Amino acid sequence: MIKKRWLPAIFCTLFLLGCAEINEEIVLNENGTGTYVTKTDMSQLIEMMQSFGGDEMNKEGLDKVIDTVLSMKSFTDTSSNMSAEQKQLMSRGKMRLQMNMKEKIFKIDTDFPFSSYNDLQLLLAGAGGMSNLSGAMKKIFDKGATENTNQPDSPIDPGLDQISSIFDVVVKNGSISKKVNQEKFKLLMEKPEMTQMGQLTGAGIEILTSTVIKLPRPVINADNILLKLSDDKKTVTLKYNMLELFESPDKFSYTITY
């Protein structure tokens, strides 16, 4: 029998099997303000969830059509692993959840406005990534759970949400740098869960990810051949398989000057 408190673990486990596509778009204005938007499509999970849960999914109320916009403040206020600065930044965001079992739709979009280069630095360093998404999912589908329950940690807790943390990010007026911190990467890879995730790459599984950065001025230099520039050189696009980070994280390091 599937209980609500197990649903986040199910979602996250299936997510790690590559049934997701993640797109993030950053719009940076001349004065350092902008927006950080992510769009995650996990519609492929619906069929797997239905076969996994059967009628029990309907009993849990997941057969209902959901299309709602939620404030991220309710998720960040209770977080125990975020700084006050991160909470203030994340509380401005919102999340749209779309879920329709019949139409096989499962999408989560987040939208975070930022007001400074430092805000964007925090977002690119992971404040707006999978850690925040996993917390939101737990709140939505595990409303009855508390920190004192005996349920095991969600599979996303020790791993996927920490991928962004292996990079040292520096954002200034005129440059964005994202470089691998080898010490953080080494510590992360020492976790057994990371070894298991790394093995998924060899199995041909992908978590397709794209990052689009729209800049206020043309790019002067971009030091990674994976970065693609628009004709006016104001938009930078990076497409990759997130699981490749476990084998060659340096491949996705970059410095963009504009």
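Here the structure is a predicted model, which means the values were calculated and not measured. (Residues numbered from 1 in each chain as written. Predicted model: local features only at pLDDT ≥ 70, side-chain atom pairs only at ≥ 80, totals over all residues. Heavy atoms only, no water.)

As a further point, take the packing of aromatic side chains. Enumeration according to the criterion identifies one aromatic pair in this entry. The lysine or arginine in question, Lys-178, covers the ring of Phe-167, its NZ or CZ lying 5.0 Å from the ring centre. (Phe/Tyr/Trp six-rings, centres within 6.5 Å; stacked < 30°, edge-to-face > 60°. Lys NZ or Arg CZ within 6 Å of the ring centre and 35° of its normal.)

Attention now moves to the environment of Thr-257. The topology assignment puts Thr-257 in strand E12 (residues 254–257). Assessed through its relative accessible area of 26%, Thr-257 is described here as partly exposed. The spacing of Thr-257 and Ala-222 is 35 residues in sequence and 6.5 Å in space, taken between C-alpha atoms. If we skip the residues at most four places from it in the chain, Thr-257 touches Gly-174, Ser-175, Val-219, Ile-220 and Asn-221. (Helix = DSSP H or I, 4+ residues; strand = E, 2+ residues; numbered from the N terminus. Buried < 20%, exposed > 50% of the residue type's maximum accessible area, 1.4 Å probe, protein only. Contact = heavy atoms within 4.5 Å.)

Let us look at the sheet that holds strand E6 (residues 167–172). Pairing is antiparallel across the open sheet formed by four strands, whose spatial order is E6-E7-E12-E9. On the outer flanks of this sheet lie E6 and strand E9 (221–222), each paired with one strand and no other. Alignment of E9 against E12, held across two bridges, turns out to be antiparallel. By the bridge assignment for E12, Asn-221 is matched with Thr-257. (Pairing = 2+ DSSP bridges.)

What follows covers the pattern of salt bridges. What the rule picks out here adds up to eight salt bridges. Linking Arg-96 and Asp-67 is a salt bridge whose minimum nitrogen-to-oxygen distance equals 2.9 Å. Here Asp-67 lies in strand E3 (residues 66–71) and Arg-96 lies in strand E4 (residues 94–100), a separation of 29 residues in the sequence. Between Asp-119 and Arg-92 there is a salt bridge whose closest N-O contact spans 3.1 Å. Taken together, the residues span a long stretch of sequence, with Asp-119 in helix H6 (residues 117–127) and Arg-92 in the loop between helix H5 (84–90) and E4 at a distance of 27 residues. The exposure class assigned to Arg-92 is partly exposed, which follows from its relative accessible area of 36%. (Salt bridge = Lys/Arg side-chain N within 4 Å of Asp/Glu carboxyl O.)

Of the residues in the protein chain, 67% reach a pLDDT of 70 or more, and the chain-wide mean stands at 78. Within the model, pLDDT remains below 50 along residues 1–6, and this stretch shows 15 contacts once partners closer than five positions in the same chain are excluded. Counting contacts from residues 143–159, a segment whose pLDDT is below 50, to residues more than four positions away or on other chains yields 24 contacts. (pLDDT = per-residue confidence, 0-100.)

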